[in-house]
Amino acid sequence: MATRSAFKFADGGGGGDYAGPSTFDSLHHGSSSTELSLVDDIDPSIAGGYRVVYDRETPFELRIQDSDSAPQQVGTLEAIKVKILLLGDENDLKALKIELSTETDLFFYYSHVCDLEGFHIVQEQQKLMVDFSDYANVLIRMLNNCIKEPHNHIAVYLMQADGRARLDFIQNMEYKFVELLSVDFARSPDEIVRQHITYRYNTVKNRVTALQSRLHEVNNLVKVKNPSLLLQLQKAPPPAVNPRDATGTTASSRNHSRFH
């Protein structure tokens, strides 16, 4: 069992922590399609003036619990996309939002929204020694630790049937597990989920359209310059598919819980 620690986080701007490139920034890199840039303007995540400060996949141990008193099921490891957004500037931070999603289930969508008043409650309950302005930096550090040192820093995501969920950051101290921070989440309403699925679908669709257009241009160029090479390219077998998933682990290892 993990024990609670009155953990004091170092102040500062996160040092060398890497927030990671936006998934959609990577997706659009090198594309000149006007449609792709327009899709970014309707990203439902940034509605209301939010700005993205972190967008990266993190290994989570997913667990399901029927009720508060029911025992937890054995966890499975999944790559969860974590997006942290801020409302307001550094000198006047109004709210922080965390969104969780996964490519393996488009309907998996949870969020956590915290303003200054809500943070003070969490700060008192969990004995946090940081200010609201540093909350995002603390979360980013912990998420990056789970990526860099997955055996020592563990993110456990506990979901309940009523839509509530909790993310526990746990550190393996060799002789015991110490719970550093807990964050409450809620399953997003169906309308919000629909908006995000529509956005992701349109983004991929526009990306495919741009790639098909580029492929057509390359085909025409090679056909004029070197027709025999084009025939060889068209007859070449497709590249082999890597059996490993996004977390770099085989499917058989995803059912293993790192602690109980």
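Residues numbered from 1 in each chain as written. Predicted model: local features only at pLDDT ≥ 70, side-chain atom pairs only at ≥ 80, totals over all residues. Heavy atoms only, no water.

(A) Structural view of the overall build of the chain. Summing up its helical and strand segments, the chain has six helices and eight strands in all. For the chain, the sequential pattern of α-helices and β-strands runs β-α-α-β-β-β-β-α-α-β-β-β-α-α. Counting the 260 residues in the chain, one finds 39% classified as buried. Taking as baseline every contact in the chain between residues at least 6 positions apart, the subset at least 24 positions apart corresponds to 63%. Element-wise, carbon and sulfur atoms account for 55% of the exposed surface of the chain, whose accessible area totals about 15300 Å². (Helix = DSSP H or I, 4+ residues; strand = E, 2+ residues; numbered from the N terminus. Buried < 20%, exposed > 50% of the residue type's maximum accessible area, 1.4 Å probe, protein only. Contact = heavy atoms within 4.5 Å. Areas by Shrake-Rupley, 256 points an atom, 1.4 Å probe, with all protein chains shown as cover.)

(B) Structural view of the pattern of salt bridges. Counted according to the given criterion, the structure contains 11 salt bridges. Measuring nitrogen to oxygen at the nearest pair gives 2.8 Å for the salt bridge that ties R164 to D162. Residue R164 is classed as partly exposed on the basis of its relative accessible area of 41%. Between R214 and E217 there is a salt bridge whose closest N-O contact spans 3.3 Å. (Salt bridge = Lys/Arg side-chain N within 4 Å of Asp/Glu carboxyl O.)

(C) Structural view of the packing of helix α5 (residues 190–225) against helix α6 (residues 227–235). The geometry of α5 relative to α6 is characterised by a closest axis approach of 5 Å and an angle of 135° between their N-to-C directions. The angle between the axes of α5 and α6 places the two elements in the oblique class. Counting all contacts with α5, which are made through N219, V222, K223, V224 and K225, the residues of α6 involved are P227, L229 and L230. Classifying every residue of the contact of α5 with α6 by side-chain character gives five nonpolar, one polar and two charged. (Axes fitted to C-alpha atoms, helices over the stretch in contact; angles between N-to-C directions. Parallel < 35°, antiparallel > 145°, perpendicular 65-115°, else oblique. Nonpolar A, V, L, I, M, F, W, Y, C, P; charged D, E, K, R; others polar.)

(D) Layout of the nonpolar core. Ranked by size, the top nonpolar core spans 38 residues in total, and within it F60, I84, L100, Y157 and F169 carry the most contacts. Here the element with the most residues in this core is helix α4 (residues 135–148); it accounts for eight residues. For F169, the contacting residues outside a window of four places in its chain are L139, M142, L143, C146, I154, A155, V178, E179, L180, L181 and V183. (Core = buried A, V, L, I, M, F, W, Y, C linked by side-chain atoms within 4.5 Å.)

(E) Geometry of the environment of E90. With respect to the element layout, E90 can be found in the loop between β3 (76–89) and β4 (92–102). Through-space distance from the C-alpha of E90 to that of D134 is 9.5 Å; in sequence the pair is 44 residues apart.

(F) Layout of the pairing of strand β5 (residues 105–115). In the sheet, β4 pairs with β5 via eight bridges, with the strands oriented antiparallel. Note on β5: the bridge partner recorded for T102 is D105. Between β4 and β5, which pair antiparallel one after the other, the connecting turn spans two residues. Two strands pair when backbone bridges link them, and β5 and strand β8 (residues 177–187) are joined in this way by two bridges, in the antiparallel orientation. Counterpart to Y110 in the pairing with β8 is R187. (Pairing = 2+ DSSP bridges.)

(G) Inspection of empty space enclosed by the protein at higher detail. In this structure the tally under the stated criterion is three cavities of 30 Å³ or more. In this model, the largest cavity occupies a volume close to 100 Å³. In terms of lining, the largest cavity is formed by 12 residues, of which the most central are K81, K83, S101, Y109 and R200. Grouping the amino acids of the lining of the largest cavity by side-chain chemistry returns four nonpolar, three polar and five charged. Mapping the lining of the largest cavity onto the domain boundaries places at least three of its residues in each of domain 1 (44–67 + 74–188) and domain 2 (194–233). (1 Å grid on protein atoms, 1.4 Å probe; cavity = no way out; pocket = protein on both sides within 12 Å on 5 of 7 lines; lining within 4 Å. Points joined across faces, edges and corners; volume = space filled by probe spheres on them. Domains from an automatic or database assignment.)

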